[in-house]
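In case you want the letters, here they are:
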Amino acid sequence: MIKILFICHGNICRSPMAEFILKDMVEKQGIADHFHIESAATSTEEIWNGVGNPVYPPAKEILAKHGIDCNGKRARQIKSDDYENFDFLIAMDDNNLRNMRRIWAEDSKQKIHKMLEYADENRDVADPWYTGDFQKTWDDIYRGCEGLLNQITPQPRSQKANIH
């Protein structure tokens, strides 16, 4: 079982989008039973009296536009034991990385990564909270999830052509 935790600031836009995009990808590939995928926040801004806010409506809308349901998802904050409980801790941006390192000062098992590393890009996932461009965020996350899956799942062997 491969355990992945996507992390952003509030866990209402980017990280839940990544969670549900990747869940959709592995489901469509028939490999969902090999994965445990979640998302979490570095802050408590979207958590009130122990209850997290649901996915932000425009993020929920873009997921629905692609046939992905995220109903029931509520924000949660990262915990120190997440380091041991997950194989990959994937941040959406440099600020998330900095905040994650406050909880996990060391990354001896090389679990902490930035989302777009998997798309061979050295930049942050566009933050729709500030830009309002949820399509750009979708595009960034989709590319990152594709790259992550390509890196961590075995590639099918190409069939050799019969040569007569």
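The rules we used
- Each chain carries its own residue numbering, running from 1 in the written order of its sequence.
- For a predicted model such as this one, the threshold for reporting local features is a pLDDT of at least 70, and the threshold for listing and counting side-chain atom pairs is 80 or more; totals across whole chains, interfaces and linings nevertheless cover every residue.
- Calculated side-chain values reflect all of the structure's heavy atoms, with hydrogen atoms and water omitted.
- For helices the rule is a DSSP run of H or I covering at least 4 residues; for strands it is a run of E covering at least 2, with both sets numbered from the N terminus onward.
- Within these notes, the globule rule equals 2.2 Å times the number of residues to the 0.38 power, and the radius of gyration is based on C-alpha atoms.
- Any residue under 20% of the maximum accessible area for its type is buried, any over 50% is exposed, and the rest in between are partly exposed; the area is computed with a 1.4 Å probe on protein chains only.
- In this analysis, two residues are considered to be in contact whenever any of their non-hydrogen atoms come within 4.5 Å of each other.
- The method behind every accessible area is Shrake-Rupley, applied with a 1.4 Å probe, and residues are considered shielded solely by the protein chains displayed.
- For this count, His and the chain ends are skipped, Lys and Arg are scored as positive, and Asp and Glu as negative.
- By convention, the point assigned to a charge is CZ for Arg, NZ for Lys, CD for Glu and CG for Asp.
- Using protein atoms alone on a 1 Å grid, points that fit a 1.4 Å probe yet trap it form a cavity, whereas open point sets bounded by protein on both sides within 12 Å along at least five of seven lines form a pocket; residues with an atom within 4 Å of a point count as lining.
- Grid points are joined across faces, edges and corners, and a volume is the space filled by probe spheres set on the points.
- Ten residue types, Ala, Val, Leu, Ile, Met, Phe, Trp, Tyr, Cys and Pro, are classed as nonpolar, four, Asp, Glu, Lys and Arg, as charged, and the remainder, Gly among them, as polar.
- Between N or O atoms, a polar contact is any pair within 3.5 Å; within protein, one atom must be a potential hydrogen donor and the other a potential acceptor, and residues adjacent in sequence are included only when both atoms are from side chains.
- When DSSP finds at least two bridges between two strands, those strands are taken to pair.
- For the handedness criterion, the strands are oriented away from the viewer, and a crossover whose path from the first strand over the helix to the second runs clockwise is classed as right-handed.
- By convention in these notes, a salt bridge is any Lys or Arg side-chain nitrogen within 4 Å of a carboxyl oxygen on Asp or Glu.

Q: I would appreciate a short explanation of the overall build of the protein in the present structure.
A: A tally of helices and strands in the protein yields six helices and six strands. Whereas a compact globule of 164 residues would reach a radius of gyration of roughly 15 Å, the protein reaches 16 Å, a difference of no more than 12%. Within the span of the protein, comprising 164 residues, buried residues form 49% of the whole. Across the protein, the fraction of contacts at a sequence separation of at least 24, relative to all contacts at a separation of at least 6, is 72%. Approximately 9200 Å² of the protein is accessible, and the part contributed by carbon and sulfur atoms is 47%. For the protein, the distance from the average site of its 21 positive side-chain charges to the average site of its 26 negative ones is 2 Å.

Q: Even after reading the chapter, I still don't get the layout of surface pockets, so can you show me in this structure?
A: Here the idea is plain: a probe the size of a water molecule rolls over the atoms and shows the empty space left. Estimates place the volume of the largest pocket at around 310 Å³. Lining the largest pocket are 17 residues, and of these H9, G10, D127, W129 and Y130 sit closest to its centre. Only α4 (94-103) and α5 (128-131) provide two or more residues apiece to the lining of the largest pocket. For the lining of the largest pocket, the leading source of residues is α4, giving four residues. Of the residues belonging to the lining of the largest pocket, the class tally is five nonpolar, six polar and six charged.

Q: Explain α4 here, please?
A: Every α-helix winds through 3.6 residues per turn, so residues three or four apart in the chain are directed the same way. Of the positions making up α4, those classed as buried are N96, L97, N99 and M100. Next to the buried residues of α4 lie β1 (2-8), α1 (14-28), β5 (88-91) and β6 (112-114). Its side-chain oxygen 3.0 Å from the backbone nitrogen of N95, D93 forms the N-cap of α4.

Q: Looking at this structure, how should I read the pairing of strand β2 (residues 35-41)?
A: Residues in a regular strand project their side chains so that they alternate between the two faces of the sheet. The buried count for β2 comes to five of seven residues, which makes it a mostly enclosed element. Sheet analysis places β1 next to β2, joined by seven bridges and oriented parallel. Bridge pairing links I7 to A40 in β2. Read from β1 through α1 to β2, the crossover connection turns out right-handed.

Q: Would you explain the pattern of salt bridges in this entry?
A: Between side chains of opposite charge, pairing is possible as soon as their charged atoms come close. Per the stated rule, a full pass over the model turns up 15 salt bridges. Here D140 and R143 are joined by a salt bridge, their closest N and O atoms 3.0 Å apart. Within this pair, D140 and its partner R143 are both found in helix α6 (residues 134-152), separated by three residues, close to a single helical turn. Residue D140 is classed as buried on the basis of its relative accessible area of 0%.

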